[in-house]
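Summary of structural features
In case you want the letters, here they are:
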Protein chains: 2
Amino acid sequence: MDRRVTKKDDETSAGERPTLKTLAFMTGLGVTTVSRALKDAPEIGAETRRRVQLVAKQIGYRPNRAGVRLRTGKTNVISLVLNTENELMSFVSDIIYGVTEVIADTPYHLIVTPYSRSQDPLDPVRYLVETGSADGVIISRTQPNDPRARYLLERGIPFATHGRTDMGLVHPYHDFDNYAFASEAVRHLAGLGRRRMALLTPPIGLTYHGHTVNGFTDALSEVGASEVPFNTVTIDHSIEQIRMRTAQLMQRKDRPDGFVSSAAAATLAIVAGIEDAGLKLGRDVDVVSKQSSELLHLFRRELFVVNESFRLAGSELARAVLGWIGGKEPGSLQSLSKPGEVLSYRG
Amino acid sequence: MDRRVTKKDDETSAGERPTLKTLAFMTGLGVTTVSRALKDAPEIGAETRRRVQLVAKQIGYRPNRAGVRLRTGKTNVISLVLNTENELMSFVSDIIYGVTEVIADTPYHLIVTPYSRSQDPLDPVRYLVETGSADGVIISRTQPNDPRARYLLERGIPFATHGRTDMGLVHPYHDFDNYAFASEAVRHLAGLGRRRMALLTPPIGLTYHGHTVNGFTDALSEVGASEVPFNTVTIDHSIEQIRMRTAQLMQRKDRPDGFVSSAAAATLAIVAGIEDAGLKLGRDVDVVSKQSSELLHLFRRELFVVNESFRLAGSELARAVLGWIGGKEPGSLQSLSKPGEVLSYRG
DNA sequence: TTGGCAATCTGTAACGTTTCAGTATACTAG
DNA sequence: CTAGTATACTGAAACGTTACAGATTGCCAA
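Residues numbered from 1 in each chain as written. Chains lettered and ligands numbered in written order. Predicted model: local features only at pLDDT ≥ 70, side-chain atom pairs only at ≥ 80, totals over all residues. Heavy atoms only, no water.

When charged atoms on two side chains of opposite charge get close, those side chains can pair. With the rule as written, the count across this model stands at 36 salt bridges over all chains. For the salt bridge of B:Arg36 with B:Glu43, the shortest nitrogen-to-oxygen distance reads 2.6 Å. One salt bridge connects B:Asp286 with B:Arg194, and the closest N-O pair in it is separated by 2.9 Å. Residue B:Asp286 is located in strand β9 (residues 286-291), and its partner B:Arg194 is located in the loop between α8 (178-191) and β6 (196-200); the two are separated by 92 residues in the primary sequence. You can call B:Arg194 buried: its relative accessible area is 10%. One network of salt bridges, with partners in common, ties together A:Glu184, A:Arg187 and A:Glu222. (Salt bridge = Lys/Arg side-chain N within 4 Å of Asp/Glu carboxyl O. Helix = DSSP H or I, 4+ residues; strand = E, 2+ residues; numbered from the N terminus. Buried < 20%, exposed > 50% of the residue type's maximum accessible area, 1.4 Å probe, protein only.)

Structure below.
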């Protein structure tokens, strides 16, 4: 007689990780019953349900992710898709914290899926979908006509974008109101008597580039100030390039007397460029900048800042994706964060 | 006759994701043979092997992670364990990029496992191990006697630490030579004629706190300079606290004329504090700081900086963990990164 | 010819879960 | 007293993979 020892007949008791079989053995029930009892299925007796759940809690049962995933296709994974070259440093760290904060008491794990400049941004998303690696996706650097959003929408994969699209398609997003930021900034500069303003824009092609530019130009005409073109460079460019371009710009006689900057690191470069040109911040020129960590006021107290919280963005994006996965209407999972006041630290 | 349609008898051909069964059907081989052929098992004929691999490539076969994981326990996941409150911003972003760079052409995914100040740092690690969620773990904020390292070592889970331990146990690590940094910094300040130096240390309890302090004090006695105690605050403290303490310190008559700072953000605060006290950087006091992004020179060109690359750390840590998983000796997977020169931007 | 063995290939079971199609029991309606 | 039905539970199959224990074939030595 063949008497190989299989797992079937032996200890359901050892120091191994408990499974449904363990629970079934301990409660004297079938595996099926245990499974259903744990998820509050209706056809399980109230007492049985409680008993199973109690035992499960006692022995610290945790469903095996691979088992669930294999059987159901549910991965319990959210993927954050990031560009490894162009994301802002603070963005990455804060958005991750924001996301993890929200998924902390869910079964979800966060995986980071990177792509580099050379790659098609669609690549990582395609990979995720083709390999079924995530239940939901968060993408950044959103474009008005975003192939990734379109692709995910076509496949029915829940996702949320940091930034809006403009394709007539509805999907969850979180965005900062950069139109409001730019126009507030311009109004603030105008209030200081500045009349000739330059804008350091977000990367061309991203949706919020347009928002920012529109807010800027609309407010310019509202306050009757004029624009000094500064479009050879964006916040994606290197510190050194921005610095150099700023210095060049400030050496011209028709130089701006006000700057609006879309990112903190870029603002350091702008200020350096201004000073390279022998001019003084607060006297010859004023700068309003967005920042995500409250550090710029230490750099030069003459700077004006508007705060944007990427941690909030991360939380909102996670909430949105989870909401969609959970069956909510995509259209109800959109949020826009309004900028606070323009803050000053002088004096 | 029972003629339910099961998956067994039908299409292995549809638009679904290909599995081993698909490949088996296409090649006319058994599932087992296909499985072995794909992993270059020895008992598969050379031609068969090539044929299977060709077909697999053609139809874009990718092993189902859940299947592999369920069967073998291998998750193909590396987890980065992060403190959501105290990590440096640049650290998080750069280390993630460093890690992803290395695992990009492996089957590994990176998951971020967070924990907060209130929690026991062991919690997330315990979770990972108990749920078998990762093949390897990367931990930061390493302590001389690190319970996490001990725990992982006991369970035989491959890991690497950012920073060394001091428990007489051998495990992979990557570290920056903070002893060298601090002592070089002191020597540099001494070279500028500074005689009374203060050190803004890393968080107390972390291994590199000790390295930094030792490098600092050893070099002090080497150059015959003296220490001005500045230990009410560390780089973990808030910007405002560091600034306030620095200002207080600089108002005393026995104030330091040189600072060594272990982090860039903290350096901003130190400089602010110095200036709050009405003193001038480069004249009354000099500061040498570590930084991980090259931004400090824009802040004040009088600053002296030493660069530490967290991206490199991430890559090295990933390489170390993968190496251990791959069977290399833990002791051979340790690396120490030497600081470059103290850089100056004045002039 | 026969036995042995190397070279290739294959079926089955198992990992832990959920779903499908039941089964057993007790209760209700007629 | 029977048939129908609601309640509570259960075994088997399947998800995709790998490991184990064969099975088949051909070749060579004796």
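Attention now moves to the pairing of strand β10 (residues 304-307) of chain A. Taken together, the 4 bridges between strand β9 (residues 286-291) of chain A and β10(A) define a ladder with parallel strand orientation. Pairing of A:Gln291 across the sheet is with A:Asn307, part of β10(A). (Pairing = 2+ DSSP bridges.)

Before going further, it helps to spend a moment on the interface of chain A and chain B. It is common to give the size of an interface as the accessible area lost on bringing the parts into contact. Each side of the interface is counted separately: chain A has 41 residues, and chain B has 41 residues. At the boundary of chain A with chain B, total buried surface from both sides reaches about 3700 Å², with 66% on carbon and sulfur atoms. Three residues stand out in chain A for area buried against chain B, namely A:Met89, A:Tyr97 and A:Leu298, and they jointly supply 18% of the buried area on that side. Run the count over chain A and chain B and you get 0 salt bridges. On inspection of chain A and its partner chain B, the count reaches 10 residue pairs in polar contact (both at pLDDT 80 or more). Mapped by element, the contributors of at least two residues to the side of chain A that touches chain B are α4 (65-72), β1 (77-83), α5 (89-103), β2 (109-115), α6 (122-130), α10 (239-251), α11 (264-276) and α12 (296-299) of chain A. (Contact = heavy atoms within 4.5 Å. Buried area = accessible area lost by both parts, 1.4 Å probe. Polar contact = N/O pair within 3.5 Å; in protein donor to acceptor, adjacent residues only side chain to side chain.)

All names here are of chain A. Taken together, 6 strands build an open sheet; the order of strands is β7-β6-β8-β9-β10-β12 and the sheet is mixed. The open sheet has two free edges, formed respectively by β7 (226-227) and β12 (343-344), since each of these has just one partner strand. Judged from the 2 bridges that link them, β10 and β12 form a sheet pairing that is antiparallel. Looking across to β12, one finds that Phe304 is bridged to Ser344. Contacting β6 (196-200), β8 (258-261) and β9, α11 runs over the sheet at an angle of about 160° to β9. (Axes fitted to C-alpha atoms, helices over the stretch in contact; angles between N-to-C directions.)

All names here are of chain B. Along its 14 residues, helix α3 (residues 46-59) runs 20 Å from first to last C-alpha, staying within 8% of the 20 Å computed at 1.5 Å per residue. Those residues of α3 lying buried are Arg49, Val52, Val55 and Ala56. Looking straight down α3, one finds that the buried residues subtend no more than 140° of arc, so they occupy a single side. Residues of α3 that are exposed and point over 90 degrees away from its buried face: Glu47, Arg50, Leu54, Lys57 and Gln58. The inward-facing, buried residues of α3 abut α1 (20-27) and α2 (31-38). Backbone geometry just after α3 places Gly60 at a positive phi near 70°. (Expected span 1.5 Å × (residues − 1). Arc of directions from axis to C-beta.)

It is worth spelling out the environment of A:Asn76 at this point. All names here are of chain A. On the secondary structure map, Asn76 appears in the loop between α4 and β1. Given the relative accessible area of 14%, Asn76 is considered buried. Linking Asn76 and Tyr108, residues 32 residues apart in sequence, is a C-alpha distance of 4.6 Å. If sequence neighbours within four positions are ignored, Asn76 has contacts with Arg65, Pro107, Tyr108, His109 and Asp135.

The subject of this paragraph is the relation of the copies chain A and chain B. Aligned on chain B, chain A shows an RMSD of 0.0 Å; the corresponding rotation is 180° and the shift along the axis is 0.0 Å. In short, the pair behaves as if placed about a two-fold rotation axis. When the interface residues of chain A are mapped onto chain B, 100% of them again fall at the interface, so both copies present the same face. (Least-squares fit on C-alpha atoms with pLDDT ≥ 70 in both.)

All names here are of chain B. On the basis of which strands lie adjacent, the open sheet formed by 6 strands has the order β7-β6-β8-β9-β10-β12 and mixed pairing. Unpaired on one side and paired on the other, β7 (226-227) and β12 (343-344) mark the two borders of the sheet. Each of β6, β8 (258-261), β9 and β10 (304-307) is contacted by α8, which is oriented at about 155° to β9, the strand it contacts most. The strands touched by helix α11 (residues 264-276) are β6, β8 and β9; relative to β9, the strand with the most contacts, the crossing angle is about 160°.

Time to look at unusual backbone geometry. Residues other than glycine seldom take positive phi values, yet A:Arg141 does so here, at roughly 55°. With respect to the helices and strands, the residue A:Arg141 is situated in the loop between β3 (136-139) and α7 (147-155).

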